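Letter by letter, the chains look like this.
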Amino acid sequence: QVPLVESGGGLVQAGGSLRLSCAASGRTFPGNAMGWFRQAPGKEREFVAAIKWIGGSTYYADSVKGRFTISRDNARNTGYLQMNSLKPEDTAVYSCASRVNYRSSYDYSSDYRYWGQGTQVTVSS
């Protein structure tokens, strides 16, 4: 069974919005935080946002701060990434992941064990 399943990607014009969802299977979320990462063609995977599963503290990359909002619904074991004011440079495959390691920063992909399959977000100019 796939631990994390994303949905909500698609094609949108610049300035538009999309909401991504990440549903965790099982009765509990498999980690201490949920993160979203993205990878554009020819580029390295980069951190987008994270949320502590207990407590709900949030963390954002500077490139999305003020435009993206991460949230979670503990009862549904589901996390969300609301993306507003999208730009062409936001085009990428977005993946959610569950963090199992502990450190002060949330942007190390190696701290995340379970990954979703990824969903394509394309922003046209």
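Student: Even after reading the chapter, I still don't get the overall build of the protein, so can you show me in this structure?
Tutor: A count of helices and strands for the protein gives zero helices and 11 strands. Taken from the N to the C terminus, the helices and strands of the protein come in the order β-β-β-β-β-β-β-β-β-β-β. Over its C-alpha atoms the protein spans a radius of gyration of 13 Å, differing by no more than 12% from the 14 Å that the globule rule assigns to 125 residues. Once the C-alpha set of the protein is aligned to its principal axes, its extents read approximately 40 × 25 × 25 Å. Counting only residues that meet the buried cut, the protein has 42% of its 125 residues in that class. Put simply, of all contacts in the protein between residues at least 6 apart along the chain, 55% involve residues at least 24 apart. Surface exposure of the protein reaches about 6,500 Å², of which carbon and sulfur atoms provide 45%. Charged side chains in the protein number 14 positive and 9 negative. The centres of these two groups are separated by 7 Å.

Student: Please explain the nonpolar core as it appears in this structure.
Tutor: A general feature of soluble globular proteins is that nonpolar side chains tend to end up buried together. In this structure, Trp36, Val48, Phe68, Leu81, Met83 and Tyr94 are the most contacted members of the largest nonpolar core, which totals 33 residues. Elements supplying a minimum of two residues to this core: β3 (18-24), β4 (33-39), β5 (46-52), β7 (68-73), β8 (78-83), β9 (92-99) and β11 (119-124). Looking at this core, the element that brings in the most residues is β5, giving five residues.

Student: Would you mind going over the environment of Ser125 with me for this structure?
Tutor: Assignment of secondary structure puts Ser125 in the segment after β11. C-alpha separation for the pair Ser125 and Ala14, spaced 111 residues apart in sequence, amounts to 5.3 Å. Non-local contacts of Ser125, meaning those with residues more than four positions away in its chain, are made with Ala14 and Pro88.

Student: Would you mind going over the side chain of Arg99 with me for this structure?
Tutor: Secondary-structure assignment places Arg99 in strand β9. Engagement of the side chain of Arg99 in a polar contact is seen with the backbone oxygen of Ser105, the distance being 3.1 Å. Here Arg99 is in contact with Gly31, Asn32, Ala33, Ser105, Tyr106, Asp111 and Tyr112, once residues within four sequence places are set aside.

Student: Is there a simple way to explain the packing of aromatic side chains in this structure?
Tutor: Two numbers describe a pair of aromatic rings. These are the distance of the centres and the angle of the planes. A complete count under the given rule lists six aromatic pairs for this structure. Aromatic side chains Phe37 and Tyr112 sit 5.0 Å apart centroid to centroid with 80° between the ring planes, which places their arrangement in the edge-to-face category. Here Phe37 is found in strand β4, whereas its partner Tyr112 is found in strand β10 (residues 112-115), with 75 residues between them in sequence. Given a relative accessible area of 2%, Phe37 falls into the buried group. Classification of Tyr112 by relative accessible area gives buried; the value is 5%. Feature note: the residues Phe37, Phe47, Tyr112 and Trp115 constitute an aromatic cluster, connected by ring pairs.

Student: What am I meant to see in unusual backbone geometry here?
Tutor: Residues apart from glycine generally show negative phi values, whereas peptide bonds are mostly found in trans. One non-glycine residue with positive phi stands out, namely Asn77, at about 55°. Here Asn77 lies in the loop between β7 and β8. For Asn77, a relative accessible area of 6% puts it in the buried group. Of note in the backbone geometry, Ser85 takes a positive phi value of approximately 50° without being a glycine. Relative to the assigned elements, Ser85 resides in the loop between β8 and β9.

Here is what the cut-offs are and how they apply
- Residues numbered from 1 in each chain as written.
- Predicted model: local features only at pLDDT ≥ 70, side-chain atom pairs only at ≥ 80, totals over all residues.
- Heavy atoms only, no water.
- Helix = DSSP H or I, 4+ residues; strand = E, 2+ residues; numbered from the N terminus.
- Rg over C-alpha atoms; globule rule 2.2 N^0.38 Å.
- Buried < 20%, exposed > 50% of the residue type's maximum accessible area, 1.4 Å probe, protein only.
- Contact = heavy atoms within 4.5 Å.
- Areas by Shrake-Rupley, 256 points an atom, 1.4 Å probe, with all protein chains shown as cover.
- Lys, Arg positive; Asp, Glu negative; His and termini not counted.
- Charge placed at Lys NZ, Arg CZ, Asp CG, Glu CD.
- Core = buried A, V, L, I, M, F, W, Y, C linked by side-chain atoms within 4.5 Å.
- Polar contact = N/O pair within 3.5 Å; in protein donor to acceptor, adjacent residues only side chain to side chain.
- Phe/Tyr/Trp six-rings, centres within 6.5 Å; stacked < 30°, edge-to-face > 60°.

That's the geometry; what it means functionally is another story.
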